[in-house]
Amino acid sequence: MDPVPPTPSSPPPAPSLRRTPVQQRSAERLVRILDACAELLDETGYENLSTRAVAVRAGVPIGSVYRFFGNKRALAIALAHRNLDRYADGITHRLAGLPSTHWRPVVDAVLDEYLAMKRSVPGFALVDFGVPAPPADTPPADAPPADGPAADPNRLVAVRLTELLSAHLGLAPDATLERAVLVAVEATDALIQLAFRVDPAGDPGIVAETRAMMHAYLARVLD
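Reference entry: report on the structure contained in this document. (Residues numbered from 1 in each chain as written. Predicted model: local features only at pLDDT ≥ 70, side-chain atom pairs only at ≥ 80, totals over all residues. Heavy atoms only, no water.)

In terms of regular secondary structure, the chain is built from eight helices and zero strands. Reading the chain from its N terminus to its C terminus gives the helix and strand order α-α-α-α-α-α-α-α. Evaluated residue by residue, the chain yields a buried proportion of 45% over its 223 residues. Considering only intrachain contacts with a sequence separation of at least 6, the fraction spanning at least 24 residues in the chain is 67%. Total accessible area on the chain is roughly 11300 Å²; 55% of this is exposed by carbon and sulfur atoms. (Helix = DSSP H or I, 4+ residues; strand = E, 2+ residues; numbered from the N terminus. Buried < 20%, exposed > 50% of the residue type's maximum accessible area, 1.4 Å probe, protein only. Contact = heavy atoms within 4.5 Å. Areas by Shrake-Rupley, 256 points an atom, 1.4 Å probe, with all protein chains shown as cover.)

Right under this line is the structure:
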């Protein structure tokens, strides 16, 4: 199943935005800017990404980029925020066709949606749900707060997944479940990175081992 298609007129209200678009035309321009950022990440990498290049690719004046973002890092954070929203939407779409009585197909849907995005979403290889760490230990002056999208992407993913899983399976979204989901997210993230280093499409054997690991570990709290 392919990822849920984006809604061009609904850009995310990311914390890194200087200004939230109100008019339809402004919202569509923001979507074009984020799409251009994603394409350029695949072509040039994060280090060579520039706001000027994004403006040229998006077909907008450079001032339009700075209207929304103070720098390329803020732009990438907004892209990561959009990716997380799309991931949650994609999982919701998959879960709509699954019964709530068995958790393993639900966990499979979570992994399958991530794999689908990994294989098809522009820029996702470099900016999935977080951005590359800045070269210095001190964050930029205009960086978002420490609890924002740049702080701990896997924790943010775990929180969203805990909400989705608990709602679908009728579980209490307590600290025990959230901790187990966070550990599973951290482990899965590392293994899927390995799978895509071995094979650009994701090594099937490593993906299968990752799925087995998720089932075995989460059985402790979901069985």
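With that out of the way, let us pick up the packing of aromatic side chains. Counted under the stated rule, the structure contains six aromatic pairs. Measuring from ring centre to ring centre gives 6.1 Å for Y87 and Y114, while their planes differ by 75°; the resulting arrangement is edge-to-face. Within this pair, whereas Y87 is found in helix α4 (residues 72–95), its partner Y114 is found in helix α5 (residues 104–120), the two being separated by 27 residues in sequence. With respect to burial, Y87 and Y114 carry one shared label: buried. Taking 5.1 Å as the distance between ring centres and 35° as the angle between the ring planes, the aromatic pair formed by Y87 and F129 counts as tilted. Taken together, the positions of Y87 in helix α4 and F129 in the loop between α5 and α6 (153–169) put the pair 42 residues apart, joining distant regions of the chain. We note that Y87, like F129, is buried. Following the ring pairs from residue to residue traces out a cluster consisting of Y87, Y114, F124 and F129. In this arrangement the basic side chain of K72 is found over the ring face of Y46, its NZ or CZ atom lying 4.6 Å from the centre. (Phe/Tyr/Trp six-rings, centres within 6.5 Å; stacked < 30°, edge-to-face > 60°. Lys NZ or Arg CZ within 6 Å of the ring centre and 35° of its normal.)

This part is about the nonpolar core. Grouped together as the largest cluster of nonpolar side chains are 38 residues, with contacts concentrated most on Y87 and L161. Elements supplying a minimum of two residues to this core: α4, α5, α6, α7 (175–198) and α8 (204–222). Looking at which element gives the most residues to this core, the answer is α7, with nine residues. Formed by 27 residues, the second largest nonpolar core is a distinct cluster that contains L40, Y46, A74 and A78. (Core = buried A, V, L, I, M, F, W, Y, C linked by side-chain atoms within 4.5 Å.)

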